[in-house]
Amino acid sequence: MAKAKVLVVEDDPEIRELLSFSLASEGWTLVLAEDAEKGLMLLESEKPDCVVLDIMLPGIDGLEALRRIRAEPSRRRLPVLMTTARGEDADVVAGLELGADDYVVKPYSPKVLAARIRAALRRRADLAEQAASGGTLVRRGELSLDSARHEVHFRDRRLELSATEFAILEFLMRSPGWVFSRSQIIDAVRGRDYPVTDRSVDVQILSLRKKLGEGGDYIETVRGVGYRLKG
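Below is a summary of the structure that appears in this document. It should be emphasised that the depicted structure is a prediction, and the values quoted were computed from it without experimental measurement.

Next up on the list: the packing of helix H6 (residues 163–173) against helix H7 (residues 182–189). For the pair H6 and H7, interaxial distance at closest approach is 10 Å and the crossing angle is 110°. With respect to each other, H6 and H7 are oriented roughly perpendicular. The crossing of H6 and H7 is right-handed. Between H6 and H7, the contacting residues are Ala167, Ile168 and Phe171 on the first element and Gln184, Ile185, Ala188 and Val189 on the second. Its residues assigned to classes, the contact of H6 with H7 shows six nonpolar, one polar and no charged.

With that settled, consider the sheet that holds strand S8 (residues 151–154). Ordered by their spatial adjacency, four strands build an open sheet running S6-S7-S8-S9, and the pairing between neighbours is antiparallel. With partners counted over all chains shown, the strands left at the sheet margins are strand S6 (137–140) and strand S9 (157–159), one partner each. Each adjacent strand pair in this sheet contributes to an overall mean axis angle of 20°, direction not counted. Here S6 pairs with strand S7 (residues 143–146) via four bridges, running antiparallel. Paired with Arg139 across the two strands is Ser144, which belongs to S7. The sheet contacts of H6 involve S6, S7 and S8, and relative to S7 the element is tilted by about 115°. Contacting S7, S8 and S9, helix H8 (residues 198–212) crosses the sheet at an angle of about 160° to S9.

Empty space among the atoms becomes apparent when a probe as large as a water molecule is rolled across them. Roughly 300 Å³ of volume is contained in the largest pocket. Surrounding the largest pocket, 17 residues form its lining, Arg76, His150, Arg158, Glu160 and Leu161 being those nearest its centre. Classifying every residue of the lining of the largest pocket by side-chain character gives six nonpolar, three polar and eight charged.

The rules behind the values
Residues numbered from 1 in each chain as written. Predicted model: local features only at pLDDT ≥ 70, side-chain atom pairs only at ≥ 80, totals over all residues. Heavy atoms only, no water. Axes fitted to C-alpha atoms, helices over the stretch in contact; angles between N-to-C directions. Helix = DSSP H or I, 4+ residues; strand = E, 2+ residues; numbered from the N terminus. Parallel < 35°, antiparallel > 145°, perpendicular 65-115°, else oblique. Left-handed = near helix turned anticlockwise from the far one by under 90°. Contact = heavy atoms within 4.5 Å. Nonpolar A, V, L, I, M, F, W, Y, C, P; charged D, E, K, R; others polar. Pairing = 2+ DSSP bridges. 1 Å grid on protein atoms, 1.4 Å probe; cavity = no way out; pocket = protein on both sides within 12 Å on 5 of 7 lines; lining within 4 Å. Points joined across faces, edges and corners; volume = space filled by probe spheres on them.

Structure, rendered in structure tokens:
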């Protein structure tokens, strides 16, 4: 993880300069772009391990750039963290539905962003290790999850999930009927050093339910506690 390459797409020169120092101090190789067009070009040439993508960019905005990134099958597992000055649920949900793995609202601490990147890189490494070991197929009713292929199907429909959504769903599917708090879910899919709020988990669950469609009822809210998958 120390030698990971991180692409940062940010139009604010002060933020780029700040991140060039703070993130490089983590031991990562930093690749910087001031707009989405250059960022997409660097994505091709540099092959980063993680992308930090601002939503508000000149020309092509971050959401359209994310759409183009996820359109390429080989990049569907590439961790993409969205940054935004707007913290409205609509913006957050839009990014997550397009395949963002996480979001950070400005102004943010470089240390918090670094922790989020570490978590995303760790999750990617875990998925790669799981796939290499053969993985397993989990079925719950009409819902099936193949951790080796990183695929989820509801009935005969394949779902396109972000890495974080996939991890949350797999965690719940492996223990149907058990109720998990938001902090337990985060500990399981991200690690204990991941800085997160209850709202972050709620937004991910909301996005998951939307993508599941009629299967969204499989994920139940237990008021005052957390979430569970129907047993």
